[in-house]
Amino acid sequence: MLKGLLILFILPLIFWISYCLLPTLWHKRLKSHSLSIGQAPIRPLLLTFDDGPDQRYTAELLDLLRKEQVKALFFILLDKATARPELVDRILAEGHQLGLHGLDHKSMWLMHPAEVKDRFDRACRLCRRQGWRPIYYRPPHGQVNLFTIAAAKKAGFIPMFWTAMAQDWQRQASAFSIYEKLKKRCKPGTVICLHDSGQGSGGTIHGPAKTIEALRRFLPEAKEQGYTFITPQQKNFVITEGS
Ligand SMILES: [Zn+2]
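Criteria and thresholds
Here, residues in each chain are numbered from 1, in the same order as that chain's written sequence. Only residues with pLDDT of at least 70 are given local features in this predicted model, and only at 80 or more are side-chain atom pairs given and counted; all residues enter the totals for whole chains, interfaces and linings. Working from all heavy atoms in the structure, the side-chain values ignore hydrogens and water. Put simply, DSSP marks the helices as runs of H or I at least four residues long and the strands as runs of E at least two long, and each gets a number from the N terminus on. Coordinating N, O and S atoms are those within 2.8 Å of the metal (3.2 Å for Na, K and Ca), and as water is not part of the atoms, a site may appear to have fewer donors than expected. Exposure is judged per residue with a 1.4 Å probe applied to protein chains only, and the accessible area is read against the type maximum: over 50% gives exposed, under 20% gives buried, and values in between give partly exposed. Buried residues of nine kinds, namely Ala, Val, Leu, Ile, Met, Phe, Trp, Tyr and Cys, make up a nonpolar core once their side-chain atoms join them within 4.5 Å. The criterion used for residue contact is that any of the two residues' heavy atoms lie within 4.5 Å. N or O atoms closer than or at 3.5 Å make up a polar contact, with two conditions inside protein: a donor-capable atom paired with an acceptor-capable one, and, for residues adjacent in sequence, both atoms drawn from side chains. In summary, the pairing rule links any two rings of Phe, Tyr or Trp, Trp by its six-membered ring, whose centres are within 6.5 Å, and it sorts them by plane angle into stacked for under 30 degrees, edge-to-face for over 60 and tilted for everything else. Lysine and arginine charges are scored as sitting over a ring when NZ or CZ, respectively, is within 6 Å of the ring centre and within 35 degrees of the ring normal. Here, a salt bridge means any Lys or Arg side-chain nitrogen found within 4 Å of an Asp or Glu carboxyl oxygen.

Novice: What exactly am I supposed to notice about unusual backbone geometry here?
Specialist: For residues besides glycine, phi is generally negative; the peptide bonds are generally trans as well. Omega for the peptide link from Gly 52 to Pro 53 comes to 0 degrees, which places this bond in the cis form. The phi torsion at His 141 lies on the positive side, around 65 degrees, for a residue other than glycine. If you trace the backbone, His 141 turns up in the loop between β5 (136-137) and α6 (148-154).

Here is the structure:
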């Protein structure tokens, strides 16, 4: 009886905790990436967008960023990016940076190490073919297993999580709730995680409309308060591990 219990429940639980849960908590909570500040300018913020590009909303977001003269980092999904490569080319042409979010939005949690490696290899090949060079990597759902981060680094990526979210993917989110969360949670050095697509990634299809509306109010206000939106490779700023 005890042996049966051990095999059925306790061993899989121990495996799940050590293979999935602890690596994810370690990277998400304890090693969250924050900005280390060089000299001027002061009060830096890094704006990042996951899950795109989106055929409906990425262009609208890029219009807003251009109007506000704000640069951002886009963590793209390659299934969407290769379907709409002109959106990625526009992201790059307008001075934003690229990160990799994955081939698709599949969680890495229970993935076999060989599949993890194969996915990074395929992602690198696809990006090379398109002429894209994403430097940073953020896992779908922020979930990693024991091998994910090592495989990402071996493939040449710098892992980056976030320090503030606005829950903009949630069904009940509104433009106002997103704006309020951004206002409350941003401080100098914050890495903000938002979403420019809700399709096929657990969000809602028209969710990004609310994110964009929130940003229409938040971006000018933040600049007025002395914040500077930077990209990680801008002079005087580096991304460091640990907060
Ligand atoms: Zn995502």
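Novice: What's the story with the coordination of the zinc ion in this structure? I'm lost.
Specialist: Working reference: metal with six octahedral donors, ideal angles 90 or 180 degrees; metal with four tetrahedral donors, ideal angle 109.5 degrees. Coordination of the zinc ion by the protein comes from Asp 51 (OD), His 101 (NE2) and His 105 (NE2), over a distance range of 2.1 Å. Donor residues binding the zinc ion come from one chain and are separated in sequence as D-x49-H-x3-H. In this structure His 101 comes out as buried when scored by relative accessible area, which is 1%. Take His 105: its relative accessible area is 12%, and that puts it in the buried class.

Novice: Quick question: what am I supposed to make of the nonpolar core here?
Specialist: Within soluble globular proteins, side chains that are nonpolar generally end up buried alongside one another. Counting 47 residues, the largest nonpolar core has Leu 47, Phe 74, Leu 215 and Phe 218 as the members making the most contacts within it. Broken down by element, the residue count for this core peaks at 6 residues, all from helix α8 (residues 207-224). Leaving out residues up to four positions away in the same chain, Leu 215 has contacts with Leu 47, Phe 49, Leu 61, Leu 64, Leu 182, Leu 194 and Pro 220.

Novice: Help me understand the side chain of Arg 119, please; the structure alone is not making it clear to me.
Specialist: Inspection of the secondary structure puts Arg 119 in helix α5 (residues 113-130). By relative accessible area, which is 10% here, Arg 119 ends up buried. Polar side-chain contacts of Arg 119 include one of 3.0 Å to the side chain of Asp 104. Filtering out sequence-adjacent residues up to four positions away, Arg 119 remains in contact with Leu 103, Asp 104, Lys 106, Met 108 and Met 111.

Novice: When you look at the packing of aromatic side chains in this model, what are you seeing that I'm missing?
Specialist: Any pair of aromatic rings gets described here by the distance separating the centres and the angle formed by the planes. For the structure shown, the criterion picks out 9 aromatic pairs. Centroid distance Tyr 19 to Phe 147: 5.9 Å. Interplanar angle 55 degrees. Geometry classified as tilted. Linking Tyr 19 in helix α1 (residues 2-30) with Phe 147 in the loop between β5 and α6, this pair joins segments that are 128 residues apart in sequence. Note on Phe 147: relative accessible area 38%, which makes it partly exposed. Taking the ring centre of Tyr 227 as reference, the NZ or CZ of Arg 43 above it sits at 4.3 Å.

Novice: Just checking my understanding: could you explain helix α7 (residues 175-185) for this structure?
Specialist: Think of an α-helix as turning once every 3.6 residues; residues three or four places apart then point the same way. Along α7, the residues that are buried comprise Ala 175, Ser 177, Ile 178, Tyr 179 and Leu 182. Buried positions along α7 lie against β8 (191-195) and α8.

Novice: Can you walk me through the pattern of salt bridges in this structure?
Specialist: Opposite charge on two side chains permits them to pair, given that their charged atoms come into close proximity. The final tally for this structure, using the stated rule, is 16 salt bridges. Note that Arg 138 is salt-bridged to Asp 50, the shortest N-O span being 2.8 Å. Within this pair, whereas Arg 138 is found in the loop between β5 and α6, its partner Asp 50 is found in strand β2 (residues 44-52), the two being separated by 88 residues in sequence. Taken individually, Arg 138 and Asp 50 each receive the classification buried, so the pair is uniform in this respect.

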